[in-house]
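Residues per chain, in single letters:
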Amino acid sequence: AIDEQHILDLCKLSLPALSPLALARDLFLFSYCTRGMAFVDIVLLKEADICNGVLTYSRHKSKQLIRIAVTPQMQGLIDKYKTENEYLFPIISGEYASGYQQYRLALGRINRHLKKIAVVADIKVPLTTYTARHTWATLARDYGAPISVISAGLGHTSEEMTRVYLKDF
């Protein structure tokens, strides 16, 4: 996990608009803003998943239903990358079954870009799409959020799983 100052530094980091590095940084920030949404779930988000300012999705791994109010920061990222296809972000096109290979390639590419961003931003922790998830959970814990809230936010099926998850930090 990274600290809150690093999140702020990433927000301010000047990168060429709509470049691969900007997309990687923005997906990282989107994950953080969405309570550590997993990359696979970001990939699968569709415009239809947002209704009346609420983002609702079923977590790919656990099938947990998650609802998140769309903040201005989230909406700004969504608007920035608006695509012509059904997905919110330009990561895959077509059905997920045929897009799995696209997803795997994108995951590797985004993580390579995040490692470059960490160097530019002087962040010593290796940045990956998963680091955003760890960061949200760790900061939530540090700010005193109950384990039940962190567990629900992460889409875990049990609070025990969340305790084990947080113990690693």
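Provided above is the structure to which this section pertains.
Residues numbered from 1 in each chain as written. Predicted model: local features only at pLDDT ≥ 70, side-chain atom pairs only at ≥ 80, totals over all residues. Heavy atoms only, no water.

(A) Local environment of the environment of Ser58. Position of Ser58 among the secondary structure elements: in strand β2 (residues 54-58). The spatial distance from the C-alpha of Ser58 to the C-alpha of Glu84 is 23 Å, given a sequence separation of 26 residues. Sequence-distant contacts of Ser58, that is, excluding residues within four places in its chain, are made with Asp41, Lys63, Gln64 and Leu65. A polar side-chain atom of Ser58 sits 3.4 Å from the main-chain carbonyl oxygen of Lys63. (Helix = DSSP H or I, 4+ residues; strand = E, 2+ residues; numbered from the N terminus. Contact = heavy atoms within 4.5 Å. Polar contact = N/O pair within 3.5 Å; in protein donor to acceptor, adjacent residues only side chain to side chain.)

(B) Broad picture of the packing of helix α2 (residues 20-33) against helix α6 (residues 129-142). Following both chains from N to C, one finds α2 and α6 inclined at 30°, their axes separated by 8 Å at the closest point. Put simply, α2 runs roughly parallel to α6. Here the hand of the crossing between α2 and α6 comes out right-handed. Counted together, Phe28, Ser31 and Tyr32 of α2 and Thr129, Thr131, Ala132, Arg133, Thr135, Trp136 and Leu139 of α6 form the full contact between these two elements. (Axes fitted to C-alpha atoms, helices over the stretch in contact; angles between N-to-C directions. Parallel < 35°, antiparallel > 145°, perpendicular 65-115°, else oblique. Left-handed = near helix turned anticlockwise from the far one by under 90°.)

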